[in-house]
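Architecture at a glance
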Amino acid sequence: MAGNWKMYKTYDEALKFIYEVNNKLPNKDVVETIIFPPAMLLVSLVKRQGDNLEIGAQNMHYENCGAYTGEISAEMLRTVGVTHVLVGHNERRRYFAESDEDVNKKAQQALEHSLSPVICFGETEEQYLHHNTDNILRRQVHAALIGLPEDKMDKVILAYEPIWAVGTGKTATPEIANEKCKLIRSFVEELYGKDTANNMRILYGGSVNPDNIKSLVDQPDVDGALVGGASLDSSKFIDMAFKVANQK
Ligand code: PGA
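Structure report, in brief. Small disclaimer: the values here were computed from a predicted structure and weren't measured. (Residues numbered from 1 in each chain as written. Predicted model: local features only at pLDDT ≥ 70, side-chain atom pairs only at ≥ 80, totals over all residues. Heavy atoms only, no water.)

Applying the stated criterion to the full structure yields 17 salt bridges. For the salt bridge of R92 with E98, the shortest nitrogen-to-oxygen distance reads 3.4 Å. A relative accessible area of 8% means that E98 is categorised as buried. Ionic pairing is found between D239 and K243, a salt bridge with its closest N-O pair at 3.3 Å. (Salt bridge = Lys/Arg side-chain N within 4 Å of Asp/Glu carboxyl O. Buried < 20%, exposed > 50% of the residue type's maximum accessible area, 1.4 Å probe, protein only.)

Attention now moves to unusual backbone geometry. The phi torsion of most residues other than glycine is negative, and most of the peptide bonds are trans. Even without glycine at this site, K6 takes up a positive phi of about 55°. Relative to the elements of secondary structure, K6 occurs in the loop between β1 (2–4) and α1 (11–21). With phi around 55°, S207 is a residue other than glycine that occupies positive phi space. By the element assignment, S207 lies in the loop between β7 (201–205) and α10 (213–217). (Helix = DSSP H or I, 4+ residues; strand = E, 2+ residues; numbered from the N terminus.)

What follows covers the environment of M1. Along the chain, the position of M1 falls in the segment before β1. When its relative accessible area of 5% is taken as the criterion, M1 is described as buried. Sequence-wise, M1 and V31 are 30 residues apart; in three dimensions their C-alpha atoms are separated by 7.1 Å. Residues contacting M1, with those up to four places away along its chain left out, are V31, E32, T33, I34, I213, A225, V227, F237, M240, A241 and V244. (Contact = heavy atoms within 4.5 Å.)

Here the focus is helix α5 (residues 100–112). Because each turn of an α-helix spans 3.6 residues, side chains separated by three or four positions end up pointing in the same direction. Helix length check: α5 (13 residues) gives 19 Å between terminal C-alpha atoms against 18 Å at 1.5 Å per residue, within 8%. Buried within α5 are the following residues: D100, D102, V103, N104, K106, A107, Q109, A110 and L111. Of the surrounding secondary structure, the elements contacted by the buried residues of α5 are α3 (74–79), β4 (84–87), α4 (90–95), β5 (116–121) and α7 (133–145). Positive phi appears at S114, one or two residues downstream of α5, with a value of about 60°. (Expected span 1.5 Å × (residues − 1).)

Turning next to the packing of aromatic side chains. According to the stated counting rule, one finds four aromatic pairs in the structure shown. Centroid distance Y160 to Y204: 6.2 Å. Interplanar angle 55°. Geometry classified as tilted. With Y160 in strand β6 (residues 157–160) and Y204 in strand β7, the pair connects residues that are 44 residues apart, well separated along the chain. Here Y160 matches Y204 in class, with each residue buried. Here a set of aromatic residues connected by ring pairs shows up, and it is made of W5, F17 and F237. Between the NZ or CZ atom of R92 and the centre of the ring of F96, over which it lies, the distance is 4.2 Å. (Phe/Tyr/Trp six-rings, centres within 6.5 Å; stacked < 30°, edge-to-face > 60°. Lys NZ or Arg CZ within 6 Å of the ring centre and 35° of its normal.)

Now for the packing of α5 against α7. Where α5 meets α7, the closest approach of the two axes is 7 Å, and the angle between their N-to-C directions is 40°. As the angle between them shows, α5 and α7 are arranged oblique. Seen along the crossing, α5 lies across α7 with a hand that is right-handed. In this structure, α5 contributes D100, V103, N104 and A107 to the contact, and α7 contributes R139, Q140, A143, A144 and L145. (Axes fitted to C-alpha atoms, helices over the stretch in contact; angles between N-to-C directions. Parallel < 35°, antiparallel > 145°, perpendicular 65-115°, else oblique. Left-handed = near helix turned anticlockwise from the far one by under 90°.)

Next comes the structure, spelled out in structure tokens:
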């Protein structure tokens, strides 16, 4: 269960959230619960996170260090206690021109520094209406995963996030979410074999909320959810984490 805060919450609002969810989340042995706050809040939140919450970054650069104004490296994240990083979110791809190649380099770099990349894939509404989803997903998944070391694939998490569903209130039906997560799993199998594909955690994201999360994560190929808007509210976040913990 992952919460992507995007560019929301001031320092005070973030601390309030952390105090509200600490000690109220399901045990980490049952469900891995992660929030992705804005970069400047990472250090403060890592220091205050409870036992059952992990903190991830929304972005990082694929180089170790260098003259890249405004960027953050994997080592900087890792050494303050960040455990995960979002890679290839559609807002990064669309507004910051992140390419398939960048996504692959970032995933490589994250794994080299013991961060778990949560790699996002998804089609636009136009591509969806033109029945192009499967081609788009195949291209994105192959490009993102190519060359990643097989022995580190257990640290990778994937997310199917149809762009037409993100932030729009138009959730994919549980059947569509399942079909596309299953398809993504088959692409993982093509590259890394059946065991890796079966063990891969694949999330659905796009207008997930406390009312629809159960029907989505109850699907056999949907292992969890990546939630934007609804993750900003601490009581909704706790509620959703328990619904994922109780998935079929
Ligand atoms: P949403 O965002 O839940 O607000 O649709 C999902 C995401 O961007 O990961």
